[in-house]
Amino acid sequence: MLRPGQLGIEYDLATANTMWLHSFWTVGPPSTVQVEDGLSARPAPYDLKIWGKGAADGGSSRHVPMEFADTSVRGGVAIHRNMSREYDPQAGGINMPDAAMGAVGTFDPAKISLGSALSAVPMDTYFNPGAEGADEASRQALGGQRLAPNANVTGLLSQPPLMLTTMAALPAIFDSGAYSTEPAYPEYQLNTSAPISVVRVRLAGDVGVDLISRERVRVIAEEIAQRTGLQVDITLGSSPTAMTVHYPAGNFGRPDLAVAEPWVQKGVAAVLVRAADRKSVLLSVLVLAVCALAVLNANTAAIRARRIEFGILTCLGWNRRHLLQLMFTEIAGIGLAAGLVGNALALGFAFALGLNIPWSHTLLAIPVAVALALLAGGWPAWRAARPDPGEVIRPAVLGVAARRQAPRRLATLALANLARTPGRTALGATSLMIGVAALTMLLAITFAFRGAVTGTLLGDAVTLQARTVDYIAVAVTIVLGLVSVADVLYLNISERAAEFALFGAVGWSDGMLNRLVVVEAIGMGVIGGTLGAAAGLGGAAAFAGGMTAPIVWCSVAALVSGVAVSAVSVVVPIAMLRRLPTAQLLAEG
């Protein structure tokens, strides 16, 4: 497609392979109705004068070409005329229209690879259209051949796009004021704001129909949709299906036909999913898991602190059912309050960010919060609801360390303190482990795999991508792990307050007590960070099909981050340690 300014002075209508585009026609889709065995095309008559000759009455004095006058099943026939001044085509003429077509070569589809036959799409640029007879009568009428399109552009079958041009040529046609439209109905006008109806994207490299290839295609299609806002159809693994269409008889002897048009259901083997991907769902589950561990730790500590109260209630005649009812009611109330607050925060953030989240979906957070609280608090509540008062009021910290050799170093004492409450230490380390494992996977995706990695998980092809929401989810998980470690340290100091007071009385400085707490935190961080980094490293390596140096470095970075987070978590416990009433604790001891 050329403009006059792009033509040399020697160009005129006598130039070979050059034609001025003074007008062109467009038509609409076929007019069809649903019938029992498929579709039925309905005649859509129109005024034949749209072609510049002929009449609607079909008068013999004004003929049009036979194909144009044949039965029409497409409406919306419009002509688009060049809006430059009238031009009389003559050799050597200089009053040229605004657009011309210059032939630069002949396209030969045989010289390119069209890909798998599974990806063939009707009306594709390289697809030869046609339709088989759908019943025996139609097949006999066609003589065993396919019904092919002809010059009747308003017929059932249309020619595929056969003339190729360039993006630079679009303004010559779609610029405002370049071409007029008759009839001047709004639906017949050229779409000047979005002239391109379809963009075909082919992936480089070997792309088959296996699980990994389909998943890679899906990820790229989803990225295109997210970046452009366009509707993306995946034709890999498309399923051609014969659709029976009844074609009314022609005006020149063609009988009624029932033809099997090749329709396509796109994306049978690969579906573009716009909802949250499985990795994001997994990260959300990890966040809930860390929350559950934090609730479990808090419930355990709260029940331990009330063990004397429960022992007294047992002595007064309360049985296990009454104690469980009391504790579960309290736990459910806490979960309900958390769900209501979380629901209000979610709606507030959605409103502030302009997100359209149905309120019915956010309300699901309330029963989930209650169920999570009950699940996390069930085990400590069941342990506390014992009928034996003596067992209920037994001290929380057993004398395990007393049966071992007395530690001689601060680090040894810190590790011994962690071993005194192994369950609580395991809760803090597990919370941190989940965050470090997720961070390892996210770092591996970001740096080792350049933002996305495709592999198989339980037989399914899965793609992991690093997105902003994933970074937020991992950050929340790590923060919750930090809170869990801080909570463990806080509870340890609370239950060992007399011990810390004794250390201060015998000459331990505040710095030594602080280092003791820091070493305990780092020890918990090393345990949880090592397990999390190992889990993330193994998951990334298994998913990617092998261990690589970048994955190892990502796991090391996640481990260091986990230990650093544990060290930071001592801020609140150390502040509590400094406020311990040493004299009062020693007097009570």
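It should be emphasised that the depicted structure is a prediction, and the values quoted were computed from it without experimental measurement.

Focus: the environment of Ala298
- Assignment of secondary structure puts Ala298 in helix α4 (residues 278-305).
- We classify Ala298 as partly exposed; its relative accessible area is 38%.
- A C-alpha to C-alpha distance of 9.5 Å links Ala298 and Ala376, two positions 78 residues apart in sequence.

Quick word on the packing of aromatic side chains
- Applying the stated criterion across every chain yields a total of five aromatic pairs.
- Ring geometry for Tyr46 against Trp51: centres 6.5 Å apart, planes inclined by 70°, an arrangement best described as edge-to-face. Grouping residues by exposure puts Tyr46 and Trp51 together as buried.
- On the basis of an interplanar angle of 75° and a centroid distance of 5.3 Å, the ring pair of Tyr185 and Tyr188 is categorised as edge-to-face.
- According to the relative accessible area criterion, Tyr185 is partly exposed, its value standing at 44%.

Points about the pairing of strand β5 (residues 78-82)
- Judged by how many residues are buried, β5 sits mostly within the fold: four of five residues are covered.
- In this structure, strand β2 (residues 23-26) lies alongside β5, joined through four bridges in antiparallel fashion. Of the residues in β5, the one forming a bridge with Trp25 is Ile79.
- Bridge count for β5 against strand β8 (residues 179-182) is four bridges, and the pairing is antiparallel.

Points about helix α10 (residues 410-420)
- Of all the residues in α10, the buried ones are Leu413, Ala414, Asn417, Leu418 and Arg420. Down the axis of α10, the buried side of the element spans an arc of 155°, and every buried residue falls inside it.

Comments concerning helix α5 (residues 307-315)
- Those residues of α5 that fall on the buried side of the exposure criterion are Phe310, Gly311, Leu313 and Thr314. End-on view of α5: buried residues confined to an arc of 160°, all on one side of the axis. The outward face of α5, more than 90 degrees from its buried face, is lined by the exposed residues Ile308 and Cys315.
- Downstream of α5 by a residue or two, Gly317 has a phi angle that is positive, lying close to 110°.

As for unusual backbone geometry
- The omega angle of the peptide bond from Glu182 to Pro183 is -5°, so this bond is cis rather than trans.
- As for its position among the elements, Pro183 is in the loop between β8 and α3 (211-228).

Some remarks on the pattern of salt bridges
- Tallied over the full model, the rule gives three salt bridges.
- Where Arg81 meets Glu182, a salt bridge forms, and the shortest distance between an N and an O atom there is 2.7 Å. In this pair, Arg81 sits in strand β5 while Glu182 sits in strand β8, placing the two residues 101 residues apart along the sequence.
- We classify Arg81 as partly exposed; its relative accessible area is 31%.
- Residue Glu182 is classed as partly exposed on the basis of its relative accessible area of 38%.
- Between Arg139 and Glu136 there is a salt bridge, with its nearest N and O atoms 3.4 Å apart. In this pair, Arg139 and Glu136 are both assigned in helix α1 (residues 136-141), three residues apart and thus about one turn of the helix distant.
- Its relative accessible area of 37% is what places Arg139 among the partly exposed residues.

What to know about the sheet that holds β2
- With respect to topology, three strands assemble into an open sheet ordered β2-β5-β8, the strand pairing being antiparallel. Both outer strands of the open sheet, β2 and β8, are each paired with one neighbouring strand and no more. Averaged over all adjacent pairs, the angle separating strand axes in this sheet is 25°, with direction ignored.

Examining the pairing of strand β4 (residues 38-41)
- Across four bridges, strand β3 (residues 32-35) lies against β4 in antiparallel orientation. Within the sheet, the bridge partner assigned to Val33 lies in β4 and is Ser40.
- Remark: two residues form the turn of the hairpin made by β3 and β4, two consecutive strands paired antiparallel.

Rules used throughout
- Residues numbered from 1 in each chain as written.
- Predicted model: local features only at pLDDT ≥ 70, side-chain atom pairs only at ≥ 80, totals over all residues.
- Heavy atoms only, no water.
- Helix = DSSP H or I, 4+ residues; strand = E, 2+ residues; numbered from the N terminus.
- Buried < 20%, exposed > 50% of the residue type's maximum accessible area, 1.4 Å probe, protein only.
- Phe/Tyr/Trp six-rings, centres within 6.5 Å; stacked < 30°, edge-to-face > 60°.
- Pairing = 2+ DSSP bridges.
- Arc of directions from axis to C-beta.
- Salt bridge = Lys/Arg side-chain N within 4 Å of Asp/Glu carboxyl O.
- Axes fitted to C-alpha atoms, helices over the stretch in contact; angles between N-to-C directions.

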